[in-house]
Amino acid sequence: MTEQTFERYDWTVEKEEAGERIDKFLTMQEGEWSRSQVQAWVKEGRVTVNDAPIKNNYKVAMDDEISLRVPPPKELKIEAQAMDLDIVYEDSDVVVVNKPRGLVVHPALGHYTGTLVNGLMHHCKDLSGINGVMRPGIVHRIDKDTSGLLMIAKNDKAHASLAAQLKEHTVNRKYVALVHGEIPHEMGTIDAPIGRDPKNRQQMAVVFGNSKPAVTHFVVLERMKDFTLVELKLETGRTHQIRVHMKYIGYPLAGDPKYGPRKTLDINGQALHAKTLGFIHPSTGEYMEFEAEIPQELQAEIQFIREQKC
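Note that the coordinates shown come from a computational prediction; the quantities given were computed from them, not determined experimentally. (Residues numbered from 1 in each chain as written. Predicted model: local features only at pLDDT ≥ 70, side-chain atom pairs only at ≥ 80, totals over all residues. Heavy atoms only, no water.)

Asker: Can you lay out the pairing of strand S15 (residues 272-280) for me, pointing to particular residues and giving the numbers?
Answerer: Of all 9 residues in S15, 8 are buried, a share of seventy percent or more. Where strand S7 (residues 147-153) meets S15, 2 bridges bridge the pair, whose relative direction is parallel. When the bridges of S15 are listed, Ser 147 appears paired with His 273. Pairing geometry for strand S8 (residues 172-180) and S15, over 6 bridges, is antiparallel. Across the sheet, the residue bridging to Arg 173 is Leu 277, located in S15. (Buried < 20%, exposed > 50% of the residue type's maximum accessible area, 1.4 Å probe, protein only. Helix = DSSP H or I, 4+ residues; strand = E, 2+ residues; numbered from the N terminus. Pairing = 2+ DSSP bridges.)

So this is what it looks like as structure tokens:
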């Protein structure tokens, strides 16, 4: 089994977490891991602290660097599944897909079917293997309940090129979101680092320790009664970046069950759509840009709010 087949996770211990047993610390990071499973991984040497193996009675200290390599289940095979995919563009190197709301991008522990990857494996036989068996072809991802454009690599050369563009922040990614409140500014930039929320390990937050730089630019498209429609451009690509940043400045995404007021719109999940995707083609060197219209469900909700303005 190659290193690529493992899922790797890394954390830095915060002050308030110091003193916890390593098995408890790890189960706090991911709700789906049982303590007995974590203890087995520790015994197998899959958990290191500051690059050294430890025992289950180890108590973490502030600034400890924790790493975990989670193996896939034995004889794991991700099955191809017939799926009605909205393919915006395809050639021998890349596929651009318009992902619907509600579709998970790639398999994860305990969830191996019904994902975009399952559908892609049925649609095309060649996908890059850089991200291992769980995420073939996946260069970047968007959340389950976020709709919109994703680029998929069909070979390792294309994957490396697209991943490098993401790292260098040269991929043009624009989103449209409906947020709570009426933003008074015409545009703005949110430059605030994002890391794991120390008060809720299942969420991300703007934190100034154990975090990574994150920058989001926004432009107001339309103000409505108690809501604003905005276009957002990502300069970085942190987990839940738009959702966390808009909450941070006081305008959380409408319908967001994790970071905003619940059940404010008649949609399942956050009102967020990846509208524009532009990148340099890995083989031709040509700049390519694609757009996907806001889904009808979200358009209907926006129209309903517009009509409440008067």
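Asker: Can you tell me about the side chain of His 106, naming the residues and giving the values?
Answerer: Along the polypeptide, His 106 turns up in the loop between strand S6 (94-99) and helix H3 (116-123). Excluding residues within four positions of it along the chain, His 106 makes contact with Thr 115, Val 117, Met 134, Arg 135, Ile 138 and Arg 141. (Contact = heavy atoms within 4.5 Å.)

Asker: How would you explain the pattern of salt bridges if you had to name every residue and give the values?
Answerer: Counted according to the given criterion, the structure contains 12 salt bridges. The salt bridge involving Glu 222 is made with Arg 306; its shortest N-O contact spans 2.8 Å. A residue pair is termed long-range when its members are at least 10 positions apart, and Glu 222 in strand S13 (residues 215-224) and Arg 306 in helix H6 (residues 296-307) qualify at 84 residues. One salt-bridge network, in which partners are shared between bridges, spans Arg 141, Asp 143, Arg 243 and Asp 256. (Salt bridge = Lys/Arg side-chain N within 4 Å of Asp/Glu carboxyl O.)

Asker: Report on the side chain of Thr 216, specifying residues and quantitative values.
Answerer: With respect to the helices, strands and loops of the structure, Thr 216 is situated in strand S13. Look at Thr 216 and you get buried, because its relative accessible area is 0%. A polar side-chain atom of Thr 216 sits 2.8 Å from a polar atom in the side chain of Gln 241. Not counting the four nearest positions on each side in its chain, Thr 216 is found in contact with Gly 188, Thr 189, Ile 190, Leu 232, Lys 233, Leu 234, Gln 241, Ile 242 and His 245. (Polar contact = N/O pair within 3.5 Å; in protein donor to acceptor, adjacent residues only side chain to side chain.)

Asker: Lay out the sheet that holds strand S2 (residues 47-49) with the relevant residues and their values.
Answerer: Pairing is antiparallel in the open sheet, where 4 strands are placed in the order S1-S4-S2-S3. Edge positions in the sheet fall to strand S1 (7-12) and strand S3 (52-53), since each of these pairs with one other strand and no more. Judged from the 3 bridges that link them, S2 and strand S4 (residues 65-70) form a sheet pairing that is antiparallel. Following the sheet pairing, Val 47 is matched in S4 by Leu 68.

Asker: Please give an account of the packing of aromatic side chains that cites residues and values.
Answerer: Inspection of the entire model under this criterion finds 4 aromatic pairs. Note on Tyr 9 and Trp 11: the rings are 6.0 Å apart at their centroids and 5° apart in plane angle, and the pair reads as stacked. On the basis of an interplanar angle of 90° and a centroid distance of 6.4 Å, the ring pair of Trp 11 and Phe 25 is categorised as edge-to-face. On the criterion of sequence distance, the pair formed by Trp 11 in strand S1 and Phe 25 in helix H1 (residues 22-29) is long-range, its members being 14 residues apart. For the residue pair Trp 11 and Phe 25, the accessibility class agrees, reading buried in each case. Taken together, the aromatic side chains of Tyr 9, Trp 11 and Phe 25 make up a single cluster linked through ring pairs. (Phe/Tyr/Trp six-rings, centres within 6.5 Å; stacked < 30°, edge-to-face > 60°.)

Everything listed is a geometric property; what it means functionally is a separate question.
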